[in-house]
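Coordinates in review
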Amino acid sequence: LTLNQGGVISGTPERAVTTSFALRLTDAVNVSVTSTLSLTINPAVQLLTIETQSLADAVVGQEYNQTLKAVGGSAPYRWDLKSGKLPDGLVLSDAGVITGTPAIPGDLSFEVRATDQSGQSIFAALSIDVEPPPDLTILSPGALPIAAIGVPYRFEFKATAGTAPYSWVKKKKPKFGNLPAGLTLSR
């Protein structure tokens, strides 16, 4: 920065600094006055920008976890919903993480706001498409691990899709077979 005789400080600051200096003003009849002044040059402000442009689809009954991303400004950022609503079962944390288990299929649009520590705010329109659960499927193998007489046995059946919690029941008709003596199936 430079000071011209017309009393104008101008130029482009090169670094952040706080400085003080003495300034003397002299009039046409050679009368002078002096004053000490200070000037603070702040770091350049980077504009806050939301990088997240879209969100992954969700599935009813399955855990969902997506983190919103922003850059610039002064981190950390605080996130909230500006308008609209998230799918039922999902929540947005102040840190910008959308989590939960969606309960109802559908495509919901909403607007999020990121606010930095200096008060800058920016908005982004997003949506989450919640798909219905896929077909209920038993993931356990057709042949279970071998058991031995007199040795405790435990096998946990696994399933996917549908809506948990699951309820397991052995079909009752004789044509569907029987569990070996001494073993039971918990629900």
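Now for a quick tour of the structure. (Residues numbered from 1 in each chain as written. Predicted model: local features only at pLDDT ≥ 70, side-chain atom pairs only at ≥ 80, totals over all residues. Heavy atoms only, no water.)

Turning next to the sheet that holds strand β11 (residues 97-100). The three strands lie next to each other as β7-β11-β10, forming an open sheet whose pairing is antiparallel. Strand pairing shows two members of the sheet lacking a second neighbour, β7 (64-67) and β10 (90-92), which therefore form its edges. When strand polarity is set aside, the average angle formed by the axes of neighbouring strands in this sheet is 15 degrees. Taken together, the three bridges between β10 and β11 define a ladder with antiparallel strand orientation. Of the residues in β11, the one forming a bridge with Leu 92 is Ile 98. (Pairing = 2+ DSSP bridges. Helix = DSSP H or I, 4+ residues; strand = E, 2+ residues; numbered from the N terminus. Axes fitted to C-alpha atoms, helices over the stretch in contact; angles between N-to-C directions.)

Attention shifts here to the pairing of strand β3 (residues 17-26). When you tally the buried positions in β3, you get zero out of ten residues, a small fraction of the element. Where β3 meets strand β4 (residues 32-41), ten bridges bridge the pair, whose relative direction is antiparallel. Residue pairing in the sheet places Thr 19 in a bridge with Leu 39 of β4. Between the end of β3 and the start of β4, which pair antiparallel, lie five residues, with Asn 30 showing a positive phi angle near 70 degrees. (Buried < 20%, exposed > 50% of the residue type's maximum accessible area, 1.4 Å probe, protein only.)

Right, let's talk about the environment of Thr 26 for a bit. Here Thr 26 shows up in strand β3. Along the primary structure Thr 26 and Pro 13 are separated by 13 residues, whereas in three dimensions their C-alpha atoms are 27 Å apart.

Spatially, four strands are ordered β6-β13-β12-β9 in an open sheet, and the strand pairing comes out mixed. Looking at strand neighbours, the two that pair on one side only are β6 (58-59) and β9 (78-84), the edges of this open sheet. Pairing of strand β12 (residues 106-115) with strand β13 (residues 121-131), which is carried by ten bridges, proceeds in the antiparallel orientation. Looking across to β13, one finds that Thr 115 is bridged to Ser 121.

Honestly, it's all geometry; don't read function into it.
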